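# Residue-level structure breakdown
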Amino acid sequence: MKVVSIRDIHIGKGIPKVIVPIMGNTLEALLLEIKTIKQINLDIVEWRADLFEDIEDLATVKQTLSIIRKELHSIPLLFTFRTHREGGNKTIEDSYYKNLLVEVMKTDEIDLVDVELFSPNVAEIMEIAKKSNVVTIMSNHDFEKTPAKEEIMWRLRRMQELDAHITKIAVMPNNPADVLTLLEATYTMQSLYADRPIISMSMDSTGVISRLAGEVFGSAATFGAGVAPSAPGQIPASDLKRILELLHTQ
């Protein structure tokens, strides 16, 4: 199993890493969030840029990104634009999605970038990511259901084939059995096929256990809410960190 190291954070080794999203729609709102979450013992900050009101102005995006980077100091930064088809806030053209990620990667201001598995331009984006030396988290989200175990594993294996540094899947449970499906798929993937870190989670209140005990089944990181949750079932990052540390030491 490869360990992915970003600054002083090592994903795939030790306790699962806590990723906290910032979701302000303006620079001022983002700076207020950063001020709040810096009080939390977090590992990585995720800028959920699909909520930013000027996201289609690349010059403003880059300027904002530079300010965020300075505010975070040494904390690793993950850039995510979650498309509308995967539960994000804004609909944009696939060509702009590709251009946005490419331009952000060129800035040298981010440490990680989220790349959606089913983006039509995924191969091109990944090729540019390699040249930019940015860590890629390839992701897939299903906000309606939990696919079958075999389908979950196929998607994670496909992410590996596309050479993502980290693979990620989040699904919606309709019952507790769906949570077990996600956890079993994660465990089987980690045991038999994975050669790099996996992040997996079952969403909503039904799936909270997957965010807390994912390490047992092979998940290397999890997302906790800072000022507000970015997905159903996220619990406050400060609580999440304490629970993870408790579970990890037993």
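These lines cover the structure that appears in this document, whether it is placed above or below. Keep in mind that this is a model prediction, so the values were computed, not measured. (Residues numbered from 1 in each chain as written. Predicted model: local features only at pLDDT ≥ 70, side-chain atom pairs only at ≥ 80, totals over all residues. Heavy atoms only, no water.)

## Structural notes on the packing of aromatic side chains
Applying the stated criterion across every chain, the model contains three aromatic pairs. Taking the centre distance of 5.5 Å and the plane angle of 85° together, the rings of W47 and F79 count as edge-to-face. Of this pair, W47 sits in strand β4 (residues 44-48) while F79 sits in strand β5 (residues 77-80), and the two are 32 residues apart along the sequence. The pair formed by W47 and F79 is uniform in burial state, with each residue classed as buried. (Phe/Tyr/Trp six-rings, centres within 6.5 Å; stacked < 30°, edge-to-face > 60°. Helix = DSSP H or I, 4+ residues; strand = E, 2+ residues; numbered from the N terminus. Buried < 20%, exposed > 50% of the residue type's maximum accessible area, 1.4 Å probe, protein only.)

## What about the environment of A194?
Tracing the sequence through the fold places A194 in the loop between α6 (176-192) and β9 (198-202). For the pair A194 and T167, spaced 27 residues apart in sequence, the C-alpha separation works out to 9.3 Å. Residues in contact with A194, not counting those within four places in the same chain, are M1, Q160 and M189. (Contact = heavy atoms within 4.5 Å.)

## Regarding the sheet that holds strand β3 (residues 17-22)
With parallel pairing, eight strands are arranged side by side in an open sheet as β9-β8-β7-β6-β5-β4-β3-β10. The strands lining the two open edges of the sheet, one partner per strand, are β9 and β10 (221-223). Along the sheet, successive strands turn relative to each other by an average axial angle of 25°, direction set aside. The pairing of strand β6 (residues 112-116) with strand β7 (residues 135-142) spans five bridges and is parallel. If you follow V113 over to β7, its bridge partner there is T136. (Pairing = 2+ DSSP bridges. Axes fitted to C-alpha atoms, helices over the stretch in contact; angles between N-to-C directions.)

## Observations concerning a negative patch on the surface
On the surface, a cluster of negative charge is made up of E28, E53, D54 and D57. Its location among the elements puts D57 in the loop between β4 and α2 (58-72). (Patch = residues over 30% accessible without salt bridge, like charges linked within 9 Å, V, L, I, M, F, W, Y side chains within 5 Å. Areas by Shrake-Rupley, 256 points an atom, 1.4 Å probe, with all protein chains shown as cover. Salt bridge = Lys/Arg side-chain N within 4 Å of Asp/Glu carboxyl O. Lys, Arg positive; Asp, Glu negative; His and termini not counted. Charge placed at Lys NZ, Arg CZ, Asp CG, Glu CD.)

## Brief notes about the environment of A221
In this fold, A221 is placed in strand β10. Residues A221 and I11, 210 residues apart in the sequence, show an inter-C-alpha distance of 7.1 Å.

On their own, these measurements won't tell you what the molecule is for.
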